[in-house]
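Structural description and commentary
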Amino acid sequence: MPLLPELATPCLLVDVDRLDANIATMAELARRLGVALRPHAKTHKSVEIARRQLAAGAHGLTVATVSEAEIFAAAGCDDLFIAYPLYATAALGERLSRLATRSRLAVGVDSAEGARALATHLAPAARSVVRLLVEVDSGQHRTGVLPEEAGPLADQVMHCGLQVAGAFTFPGHSYSPDVRGGAAVDEAAALERAAASMRECGTTPEVLSGGSTPSAADSRGEVLDELRPGVYVFGDAQQWELGVTGPEDIALSCLATVVSHAGGRLVLDSGSKALGADRAPWASGYGRLLDHPGARIVAISEHHAVVEWPAHEPHPEIGDRVRVVPNHACNAVNLADSLTAHQAGRIRERWPVSARGANT
Ligand SMILES: Cc1ncc(COP(=O)(O)O)c(C=O)c1O
């Protein structure tokens with residue numbers, strides 16, 4: 001009997017017990033570190049999961065886009081941080097101004113141009129309540145000013161008539177087998193330097209925000225006020241291969257069917273349109289099999305995943321089902337309409353991916 005035959009494949013499964021355990025573990029870590037937890041909701045895009053995180057003690061949510069913020073605000077989340085250096089137009093400013101009437105709202109900024117656009121397009125009432133966090137680069141080299149530039153930028157933001165609440169960074173260089181713990185050290189150093197720079201310019205930062213899933217356990221609670229991990233809620237093949245989590249704790253998988261043995265290959269129906277196409281240079285493939293740790297997805301196309309099966313293990317037959325762990329949970333969820341929540345081998349509920357397509 002194939003696994004969960006009532007479901008059409010490929011589809012995303014969420015193991016509710018593991019999900020709740022991951023939520024509780026991160027909440028406990030944040031409590032131990034003495035920092036507020038603001039999980040990144042782009043990972044799950046799910047109102048149901050956000051509610052579980054908030055019920056477990058999260059102080060608010062992080063999001064990446066205004067449309068994600070709108071969806072979580074409409075669902076009742078009243079404390080949101082758009083951790084992204086937004087560039088506001090008139091239309092975006094209007095939406096942000098509306099959001100600021102229903103939710104405590106913080107937004108990232110990493111340029112004077114970005115600050116000026118926000119100042120121009122936010123309604124006067126929003127200008128005095130939207131809190132800006134200056135983004136600093138702690139080693140990922142994506143967005144963010146140098147930490148020592150945080151004070152001068154905060155000054156420029158305030159000269160535009162906006163409120164500066166502090167600084168944030170994403171230590172994304174933690175996504176490497178050699179840098180994981182070091183990224184948390186870089187994060188704390190960058191935020192400390194940013195805070196000093198802001199104080200030199202006459203601003204006292206209220207909040208220093210950091211966090212990524214690989215670096216979370218090494219976070220410096222004595223420096224950070226807030227942690228924003230996202231992927232921890234599920235875990236994924238990247239976290240497994242980085243040693244952050246093990247297969248026994250991974251809550252998200254993609255149920256897939258073996259569709260072909262042609263040419264002696266083993267092919268699943270979970271292609272890049274179900275799993276995403278992420279593959280870090282250090283990843284062993286395009287995803288892992290939850291119940292077969294020796295298997296590797298060695299090639300992927302839109303609707304096919306080619307699996308290299310361990311020589312000593314019997315091959316699954318055509319029609320059999322397996323659970324695939326995507327390399328990057330956020331991108332797999334972004335492709336799905338719903339998540340099938342299961343517990344003790346039984347399907348419990350279907351959770352909509354509430355912020356499906358909310359990427360603007
Ligand atoms: C700005 C920001 N904060 C927090 C996170 C969450 O980190 P992770 O995905 O490692 O859980 C991300 C992830 O990309 C991010 O870009």
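For the structure, check the block above.
Presented here is an overview of the structure given in this document. (Residues numbered from 1 in each chain as written. Predicted model: local features only at pLDDT ≥ 70, side-chain atom pairs only at ≥ 80, totals over all residues. Heavy atoms only, no water.)

Quick notes on the pairing of strand E17 (residues 346-352)
Applied cut-off: The pairing criterion for strands is at least two bridges between them, as found by DSSP. What counts as a helix is a DSSP run of H or I of at least four residues, what counts as a strand is a run of E of at least two, and both are numbered from the N terminus.
As judged from the 6 bridges shared by strand E16 (residues 338-343) and E17, these two strands associate in the antiparallel manner. If you follow Ser-338 over to E17, its bridge partner there is Pro-352. Linking E16 to E17, which pair antiparallel, is a turn of 2 residues; within it Ala-344 sits at a positive phi near 50°.

Observations concerning the site of the ligand
The test is simple: The criterion for a residue being near a molecule or strand is simple. One of its heavy atoms has to lie within 4 Å of it. Polar contacts, as counted here, are pairs of nitrogen or oxygen atoms within 3.5 Å of one another; within protein the pair requires one atom able to donate a hydrogen and one able to accept it, and residues that are adjacent in sequence qualify only if both atoms are side-chain atoms. For accessible areas, the Shrake-Rupley method is used with a probe of radius 1.4 Å. Any residue's cover is judged against the shown protein chains and nothing else. Residue polarity follows a fixed list, in which Ala, Val, Leu, Ile, Met, Phe, Trp, Tyr, Cys and Pro are nonpolar, Asp, Glu, Lys and Arg are charged, and the others, Gly among them, are polar.
Near the ligand, the surroundings consist of 14 residues, among which Lys-42, Tyr-175, Thr-213, Gly-230 and Val-231 are the closest. Between a nitrogen atom of the ligand and a side-chain N or O atom of Arg-228, the distance comes to 3.0 Å. At 2.9 Å, a backbone N or O of Val-231 approaches an oxygen atom of the ligand. Summarising the interface, the protein chains cover 93% of the accessible area of the ligand, which totals 390 Å² for the free molecule. Classifying every residue of the shell around the ligand gives 6 nonpolar, 5 polar and 3 charged.

Details of the packing of helix H3 (residues 66-74) against helix H4 (residues 90-102)
Note the threshold: In this analysis an axis means a line fitted to C-alpha atoms, helices contributing only their contacting stretch, and an angle means the value between N-to-C directions, from 0 to 180 degrees. Note that the term roughly parallel is reserved for angles under 35 degrees, roughly antiparallel for angles over 145, roughly perpendicular for angles of 65 to 115, and oblique for everything else. The sense of a crossing depends on the near helix, which, turned anticlockwise from the far helix by less than a right angle, makes the crossing left-handed and, turned clockwise, makes it right-handed. Two residues form a contact once any of their heavy atoms are found within 4.5 Å.
Following both chains from N to C, one finds H3 and H4 inclined at 25°, their axes separated by 10 Å at the closest point. It follows from the interaxial angle that H3 and H4 lie roughly parallel. For H3 against H4, the interelement crossing comes out left-handed. From H3, Val-66, Ser-67, Ala-69, Glu-70, Ala-73 and Ala-74 reach across to H4, where they touch Leu-92, Arg-95, Leu-96, Leu-99 and Arg-102. Each residue belonging to the contact of H3 with H4 can be placed in one class, and the counts come to 7 nonpolar, 1 polar and 3 charged.

Concerning the packing of helix H1 (residues 16-33) against helix H2 (residues 47-55)
Contact geometry for H1 and H2: axes closest at 9 Å, N-to-C directions at 40°. Viewed along their axes, H1 and H2 adopt a mutual orientation that is oblique. Taken as a pair, H1 and H2 cross one another with a handedness that is right-handed. Mapping the contact onto sequence places Val-16, Leu-19, Asp-20 and Ile-23 in H1 and Ile-49, Arg-52 and Gln-53 in H2. For the contact of H1 with H2, a count of residues per class yields 4 nonpolar, 1 polar and 2 charged.

Describing the sheet that holds strand E8 (residues 207-210)
In any sheet, the strands associate via hydrogen bonds between backbone groups, in a parallel or an antiparallel arrangement. The strand order across the open sheet formed by 8 strands is E2-E9-E8-E7-E6-E5-E4-E3, and the pairing between neighbours is parallel. At either end of the open sheet lies a strand with only one pairing partner, and these are strand E2 (36-37) and strand E3 (61-63). Relative to strand E9 (residues 226-227), E8 runs parallel, the two being bridged by 2 bridges. The residue of E9 that forms the bridge with Gly-210 is Leu-227. Strands in contact with H3 are E3 and strand E4 (79-85); relative to E4, the strand with the most contacts, it is inclined by about 175°.

With respect to the side chain of Ser-138
When you line up the elements, Ser-138 lands in the loop between strand E6 (131-135) and helix H7 (150-159). Within polar-contact distance, the side chain of Ser-138 engages the side chain of Thr-169 at 2.8 Å. In contact with Ser-138, not counting residues within four places along its chain, are Thr-169, Phe-170, Pro-171, His-173, Asp-186, Glu-187 and Ala-190.

Regarding the nonpolar core
Inclusion rule: Working definition of a nonpolar core: buried Ala, Val, Leu, Ile, Met, Phe, Trp, Tyr and Cys residues. They are joined through side-chain atoms within 4.5 Å. The rule is simple: take the accessible area with a 1.4 Å probe, protein chains only, and divide by the maximum for that residue type; under 20% is buried, over 50% is exposed, in between is partly exposed. Domains are outlined according to an automatic or database domain assignment.
Ranked by size, the top nonpolar core spans 92 residues in total, and within it Phe-72, Leu-96, Val-134, Phe-234 and Leu-339 carry the most contacts. Among the elements that make up this core, the one with the highest residue count is H1 (7 residues). Built from parts of two domains, this core gets at least three residues from each of domain 1 (18-233) and domain 2 (238-352). Counting 7 residues, the second largest nonpolar core, distinct from the first, contains Phe-81, Ala-83, Leu-133 and Phe-168.

Things to note about unusual backbone geometry
In terms of backbone geometry, most residues other than glycine have negative phi values and most peptide bonds are trans. Here the bond from Thr-9 into Pro-10 is cis, since omega is 0°, no more than 30 degrees from zero. Among the structural elements, Pro-10 can be located in the segment before strand E1 (11-15). Of note in the backbone geometry, Lys-45 takes a positive phi value of approximately 50° without being a glycine. Topologically, Lys-45 is positioned in the loop between E2 and H2. In the Ramachandran plot, Ala-344 falls in the positive-phi region, its phi being about 50° despite a non-glycine side chain. Mapped onto the elements, Ala-344 comes out in the loop between E16 and E17. Taking relative accessible area as the criterion, Ala-344 reaches 73% and is therefore assigned exposed.

Here's the deal with the pattern of salt bridges
The condition that has to hold: Each reported salt bridge corresponds to a side-chain nitrogen of Lys or Arg within 4 Å of a carboxyl oxygen of Asp or Glu.
Going through the model one piece at a time under the given rule, you end up with 17 salt bridges. We note a salt bridge from Glu-70 to Arg-95, for which the minimum N-O separation is 2.8 Å. With Glu-70 in helix H3 and Arg-95 in helix H4, the pair connects residues that are 25 residues apart, well separated along the chain. Owing to a relative accessible area of 21%, Glu-70 belongs among the partly exposed residues under this scheme. Overall, Arg-95 belongs to the partly exposed group, its relative accessible area being 21%. Arg-288 is paired through a salt bridge with Glu-241; the nearest N and O atoms lie 2.6 Å apart. Here Arg-288 is found in strand E12 (residues 287-289), whereas its partner Glu-241 is found in helix H9 (residues 237-242), with 47 residues between them in sequence. With relative accessibility at 8%, the residue Arg-288 sits in the buried group.

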